[in-house]
Amino acid sequence: MIHRLSRRNSQQIFRHQKIPIRSVIFHPQNPLLFICTGLHVQIYDLQRQVLLRKLSTGTRRLSCMAIHSGGENIIVGSEDGKLSWFDLELSITPYKILGSHAGAIKDVSFHPKYPLFASGSDDATVHVFHGMVHADLDRNVLIIPLKILRSHSGHDGEGVTECAFHPTQPWLFSAGADGSIILFCDEG
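The rules behind each value
Residues numbered from 1 in each chain as written. Predicted model: local features only at pLDDT ≥ 70, side-chain atom pairs only at ≥ 80, totals over all residues. Heavy atoms only, no water. Helix = DSSP H or I, 4+ residues; strand = E, 2+ residues; numbered from the N terminus. Rg over C-alpha atoms; globule rule 2.2 N^0.38 Å. Buried < 20%, exposed > 50% of the residue type's maximum accessible area, 1.4 Å probe, protein only. Core = buried A, V, L, I, M, F, W, Y, C linked by side-chain atoms within 4.5 Å. Contact = heavy atoms within 4.5 Å. Pairing = 2+ DSSP bridges. Axes fitted to C-alpha atoms, helices over the stretch in contact; angles between N-to-C directions. Phe/Tyr/Trp six-rings, centres within 6.5 Å; stacked < 30°, edge-to-face > 60°. Salt bridge = Lys/Arg side-chain N within 4 Å of Asp/Glu carboxyl O.

**Overview of the overall build of the protein**
Part 1: The helix and strand inventory of the protein stands at 0 helices and 17 strands.
Part 2: Rg of the C-alpha trace for the protein: 17 Å, near the compact-globule value of 16 Å for 188 residues, within the 12% margin.
Part 3: For the protein, the C-alpha atoms occupy an extent of roughly 50 × 45 × 35 Å along the three principal directions.
Part 4: Within the span of the protein, comprising 188 residues, buried residues form 44% of the whole.

Right under this line is the structure:
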């Protein structure tokens, strides 16, 4: 259910949603809603109240997603340890699939200012990537693995549960099932 405070009304998007919803994100600039279910990412136009696209990763059991600040790229994590990068201007299938984690990916995050993104997993690691999105449409996204952070310990089969970037600094926070919150920052 979406509540519009300016119009003082509510809108029910789904009548009978049978697949559990894993994550929901609003588009940073347009009236679009991204809904990650266990199988697909669905993109809804909130003004016209229609389904625009259904993104498919080819993997089952999606777990989380994040949208780039430009709004044209999203990353989706899955329970099989794969990270899918979608360029929404290119296709409904992933531009790149990275199989970097040994456990289920629990959270993904883009940095709002720097070309960085990260994924946290049940294997108790956080993977940090350089992900450069070019304004020139003739150039593809540049994805480079930067570092694997191993500061959490597993607890009851879970590892890293959340990861989030600082809004202005190149710092990364991660929370683990071991009860710790860790700040990773540059030393120089």
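**Some thoughts on the nonpolar core**
Part 1: Grouped together as the largest cluster of nonpolar side chains are 14 residues, with contacts concentrated most on Phe34, Val41, Leu55, Met65, Ile74 and Val76.
Part 2: Of all the elements in the fold, those that place two or more residues in this core are β4 (32-37), β5 (40-45), β7 (62-67) and β8 (73-78).
Part 3: Setting aside residues up to four positions removed in sequence, Met65 forms contacts with Ser23, Val24, Ile25, Phe34, Ile35, Cys36, Val41, Ile75, Val76 and Val108.
Part 4: With 13 residues, the next largest nonpolar core counts Ala66, Ile75, Phe129 and Val141 among its residues.

**What about unusual backbone geometry?**
Part 1: Residues other than glycine seldom take positive phi values, yet Gln49 does so here, at roughly 60°.
Part 2: Structurally, Gln49 is set in the loop between β5 and β6 (50-56).
Part 3: Overall, the relative accessible area of 53% leaves Gln49 in the exposed class.
Part 4: Of note in this structure, Ala124 is not a glycine but carries a positive phi near 65°.
Part 5: Inspection of the secondary structure assignment puts Ala124 in the loop between β12 (116-121) and β13 (126-132).
Part 6: Residue classification places Ala124 among the buried positions, given a relative accessible area of 9%.

**Thoughts on the sheet that holds strand β16 (residues 172-176)**
Part 1: Overall, antiparallel pairing links the 3 strands, which are arranged β15-β16-β17 in an open sheet. Looking at the sheet topology across the chains shown, the edges are occupied by β15 (160-165) and β17 (181-184). Averaged over all adjacent pairs, the angle separating strand axes in this sheet is 20°, with direction ignored.
Part 2: Pairing of β15 with β16, which is carried by 5 bridges, proceeds in the antiparallel orientation. Of the residues in β16, the one forming a bridge with Val160 is Gly176.

**Some points on the packing of aromatic side chains**
For any pair of aromatic rings, the description rests on two quantities: the centre-to-centre distance and the angle between the ring planes.
Part 1: All told, the structure shown has 4 aromatic pairs when counted by the stated rule.
Part 2: A network of ring pairs unites the aromatic residues Trp85, Phe110, Phe117 and Phe129 as a single cluster.

**Focus on the pairing of β7**
Part 1: Within β7, 6 of the 6 residues are buried, which leaves it mostly tucked inside the rest of the structure.
Part 2: Linking two consecutive strands that pair antiparallel, namely β7 and β8, is a turn of 5 residues; a positive phi of about 90° is found at Gly71 within it.

**Describing the pattern of salt bridges**
Part 1: What the rule picks out here adds up to 4 salt bridges.
Part 2: A salt bridge links Asp45 to Arg48, with the nearest nitrogen and oxygen atoms 3.3 Å apart.
Part 3: By relative accessible area, which is 11% here, Asp45 ends up buried.
Part 4: A residue is classified by how much of its surface remains accessible, and Arg48, at 54% relative accessible area, is exposed.
Part 5: Close ionic contact of Arg61 with Glu79 constitutes a salt bridge, the shortest N to O distance being 2.8 Å.

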